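So you can see what is in the structure, the chains are spelled out below.
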Amino acid sequence: MDEQQKKIRFVDTTLRDGQQSLIATRMTMEEMRPILTDMDNAGFHAVEVWGGATFDATMRYLKEDPWERLRTLRAAFTKTKLQMLFRGQNMLGYKCYPDDIVEAFIQKASDNGIDIFRMFDALNDLRNLESSVRAVKKAKKHAQLCISYTLSDIHTEDYYRDLIKRLVDMGADSICIKDMAGLLLPGAAYSLVKDIKAICKLPIQLHSHYTSGLASMTYMKAAEAGVDIIDTSMSPFAMGTSQPATEVLNAALESLGYETSLDKDALLRAGAYLKPMRDAAIESGLLSPKVLSADLSTLVYQVPGGMLSNLVSQMKAQNAEDKYEEVLQEIPRVRADLGYPPLVTPSSQIVGTQAVMNVLLGERYKVVPNETKDFVRGMYGQTPGPISDEIRKKIIGDEQISDIAPSKLLKPGLKDAAIKVKPYKEQEEDVLSYALFPQVAEEFFQFRQAQKYGLDPKLADKENQVYPI
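The structure contained in this document is the topic of the report that follows. (Residues numbered from 1 in each chain as written. Predicted model: local features only at pLDDT ≥ 70, side-chain atom pairs only at ≥ 80, totals over all residues. Heavy atoms only, no water.)

### Comments concerning the pairing of strand 2 (residues 46-51)
Most of strand 2 sits out of view: 6 of its 6 residues are buried. Relative to strand 2, strand 1 (residues 9-12) runs parallel, the two sharing 2 bridges. Looking at the pairing, Asp 12 lines up with Val 47 of strand 2. As paired elements, strand 2 and strand 3 (residues 81-86) share 5 bridges and run parallel to each other. Following the sheet pairing, Glu 48 is matched in strand 3 by Gln 83. (Buried < 20%, exposed > 50% of the residue type's maximum accessible area, 1.4 Å probe, protein only. Helix = DSSP H or I, 4+ residues; strand = E, 2+ residues; numbered from the N terminus. Pairing = 2+ DSSP bridges.)

### Considering the sheet that holds strand 3
The sheet built from 8 strands closes into a barrel, its strands ordered 1-2-3-4-5-6-7-8 with parallel pairing. Sheet twist, expressed as the mean angle between neighbouring strand axes with direction ignored, is 30°. In terms of strand pairing, strand 3 meets strand 4 (residues 116-119) through 4 bridges, oriented parallel. Across the sheet, residue Met 84 finds its bridge partner in strand 4, namely Phe 117. In the packing of helix 5 (residues 66-76) onto the sheet, contacts are made with strand 2 and strand 3, and the angle to strand 2 comes to roughly 165°. Strand contacts of helix 11 (residues 246-255): strand 1 and strand 8 (229-232), with the helix running at about 175° to strand 1, the strand carrying the most contacts. (Axes fitted to C-alpha atoms, helices over the stretch in contact; angles between N-to-C directions. Contact = heavy atoms within 4.5 Å.)

### Details of unusual backbone geometry
Put simply, Thr 345 and Pro 346 share a cis peptide bond, and its omega is 5°. Considering the arrangement of structural elements, one finds Pro 346 in the loop between helix 15 (324-337) and helix 16 (347-360). Residue Lys 140 is not a glycine yet carries a positive backbone phi of 60°. For Lys 140, the position within the fold is in the loop between helix 7 (130-138) and strand 5 (142-148). What makes Lys 140 exposed here is its relative accessible area of 74%.

As far as function goes, none of this settles anything; it's purely spatial.
As structure tokens, then:
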């Protein structure tokens, strides 16, 4: 390996995926604020701070404006690029949105401080990335396009090689291997990175989760193959269903002669601040022991980190924790029925919820949520594998599966959102918040009005209730 290949950069995910995977995205802006200077000085290639579930959870549970959070983070990170996770046509939600909303959102995210847009589609249906890529290019920002990595007879080396070529042709500025469930084995990582290097000269970034206990070993083999950037999280919010630990990988790679450019003192200060927060989350039950241990059965169930923590919460809410293992076993069966989608938002929620219903009701597909029906109809895109006629009929009867790109079936939605948000609007970004999550945004806007007029916002139910104004 030559000297140029010995340089590896880090993207730290603590403020987005780390906390999303372990504590269901409940870290407030005030909790983040004390470590922002240290993280800015740590020498990261970028920090992932926005996107994924943070937008919804910030309004729904924390009663904070996600746009104001982004502006605060942008002001604090004067040296470091800010990265967000963007689900293509699904954006930050759990359905497909029309092109005008996708394009307007990316422009506003860019205006408010995002430098790198990591974009993926849950089905690897690249039609669902076209609008996003176009908008990012227009905003003159970095378009990182992802392989949503999974395992099945369909997802072969040839499948991934073809996908990489198509991502390059779409205009990717870098390629991310998005291993959301920790399924990427060390040997496969080495081969995949080598394959991408042979196809293009773009920077390659690896994102994995420690769910199966393999991620650190996978990162080391990827480094050996020449990966350019790795995703890690500060140790108090690492491991389990999160990413490998930043400090640990930094030490390991340095010991092998890699140049990482990280400031160890800044890392230690940030880690020391975060540790009591992690301890408090364990004590309160927010951080469940179930998501902390490594489990090789992940390679069978293929359940990603965020899905696993949500599944634990869902089973608790149903008083059905004793059915947890049974649900895990049902998930791969539902996944096979639905054409072997990679389990990542929103397909992971669709498959997971259907598996829970199948187990709790004692009959498979006795009740089918609308999201599962829309998935089978093709409203989320083309599945990697076919859906059998038997399953299709069981779920949507005699309806046919659409082969039209989901965005082509949707009417523009921005003007309608602008009209409906008028009573609450304080900034242009409010229109986009409402367009993505109408009910959650409206409840948040009412809460915000209560604060503005000097009423006590603590009287509001922080979970879901509207402030009585």
